[in-house]
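Now for the letters of each chain:
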Amino acid sequence: PVPIGFSTREIILNSGRMESAREREEVRNWVKRCTSTSIEGGLYRAEARRLDREFGGPLFTRYVLTGERMPDEQVAEMNFVWPNFWFYSNYYHRYFRPVDLNFHRTLERAIAKTLYPILDTGFYAAEGGVYAKRYTDLCNILSRVDREQLSLVRRQLEPSHDELKNGEFLSAWEYSLDQEGKWTGIIRWWPGPKWFHDQKERMNRKGAARDDAGPVDAFMPVFLPEQEQKQMLGTV
């Protein structure tokens, strides 16, 4: 549907956070950022089967927040966003990476919910091997305070790591140390049995999906061809 409507409460609950004035403001700011922040770089256009290396533009072209007026002058009862044309085009041509929505819903911790799609794409980029990322970059994505002491970092992340491991999505992780035993600021993760099982399921559905025009319940957009995606996502 155009536009896409959703409630602020829905976004907060799906992210695993508790509803509050601060979180409601975060949702509003997120919508505004997706409309005003330009994405620059390479974008694969599934319809033309080519890479647009000079791409630039936001995710949403327009938004209306709850209580504001829609184009028809009606007061919006929820938030509405108009995704950019390239998003609709790639979605229509089924160029995206699905995620297990049911698994995401079983996760209780906000960090675990956010880590799940990040690690899923990271393991894919690493071809099922170890995926590494800088802790400071991870904090920017998670909107969390950057802890300096490793003991505090462990306290911050371990509960979510354990939850992902209990779900068999994650098998192991480590906080990389240098030769002197000091933390380098890099975290490494290894995929679990569920991740490999999901890859087989995706491959089994891949052929059928090309002939199926039905709706997709949950997805993560993929903006680059597989090889370039792996090169980009495989770096720390």
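In what follows, the structure referred to is the one given above.
Figured I'd write up the structure that's included with this text. (Residues numbered from 1 in each chain as written. Predicted model: local features only at pLDDT ≥ 70, side-chain atom pairs only at ≥ 80, totals over all residues. Heavy atoms only, no water.)

## Digging into the nonpolar core
Right, so step 1: In this structure, Leu119, Leu157, Leu164 and Trp189 are the most contacted members of the largest nonpolar core, which totals 27 residues.
Right, so step 2: Broken down by secondary-structure element, the contributors of at least two residues to this core are α5 (110–125), α6 (135–142), α7 (150–166), β8 (170–177) and β9 (183–191).
Right, so step 3: Per-element tally for this core: the top contributor is α5, with eight residues.
Right, so step 4: Apart from the residues lying within four places of it in its own chain, the contact partners of Leu164 are Phe103, Leu107, Ala112, Leu115, Tyr116, Leu119, Phe169 and Leu170.
Right, so step 5: Counting six residues, the second-largest nonpolar core is a separate cluster that includes Phe6, Val31, Cys34 and Val81. (Core = buried A, V, L, I, M, F, W, Y, C linked by side-chain atoms within 4.5 Å. Buried < 20%, exposed > 50% of the residue type's maximum accessible area, 1.4 Å probe, protein only. Helix = DSSP H or I, 4+ residues; strand = E, 2+ residues; numbered from the N terminus. Contact = heavy atoms within 4.5 Å.)

## Points about the pattern of salt bridges
Where charged atoms of side chains with opposite charge meet at close range, the side chains can pair.
Right, so step 1: All chains considered together, the criterion is met by nine salt bridges.
Right, so step 2: The shortest N-O distance in the salt bridge between Asp120 and Arg97 comes to 3.1 Å. Remark: Arg97 occurs in strand β6 (residues 96–97) and Asp120 occurs in helix α5; sequence separation between them is 23 residues.
Right, so step 3: A relative accessible area of 0% places Asp120 in the buried class.
Right, so step 4: It is possible to trace a salt-bridge network through shared partners that takes in Arg9, Glu19 and Arg24. (Salt bridge = Lys/Arg side-chain N within 4 Å of Asp/Glu carboxyl O.)

## A few points about the packing of α6 against α7
Right, so step 1: Contact geometry of α6 with α7 gives a least axis separation of 13 Å together with a crossing angle of 50 degrees. Considering the angle they form, α6 stands oblique to α7. The element α6 and its partner α7 pack so that their crossing is left-handed. Mapping the contact onto sequence places Tyr135, Leu138, Cys139 and Leu142 in α6 and Val153, Gln156 and Leu157 in α7.
Right, so step 2: Classifying every residue of the contact of α6 with α7 by side-chain character gives six nonpolar, one polar and no charged. (Axes fitted to C-alpha atoms, helices over the stretch in contact; angles between N-to-C directions. Parallel < 35°, antiparallel > 145°, perpendicular 65-115°, else oblique. Left-handed = near helix turned anticlockwise from the far one by under 90°. Nonpolar A, V, L, I, M, F, W, Y, C, P; charged D, E, K, R; others polar.)

## Details of the sheet that holds strand β7 (residues 131–134)
Right, so step 1: Taking strand neighbours across the sheet as the criterion, the three strands line up as β7-β9-β8 in an open arrangement whose pairing is antiparallel. The two strands at the open ends of the sheet, each matched to only one other strand, are β7 and β8. Adjacent strand axes in the sheet meet at a mean angle of 25 degrees, parallel and antiparallel pairs treated alike.
Right, so step 2: In the sheet, β8 pairs with β9 via six bridges, with the strands oriented antiparallel. Counterpart to Tyr175 in the pairing with β9 is Ile187.
Right, so step 3: Relative to β9, α5 is tilted by about 80 degrees, and along the sheet it contacts β7, β8 and β9.
Right, so step 4: Here α6 sits on the sheet in contact with β7 and β9, set at roughly 80 degrees to β7. (Pairing = 2+ DSSP bridges.)

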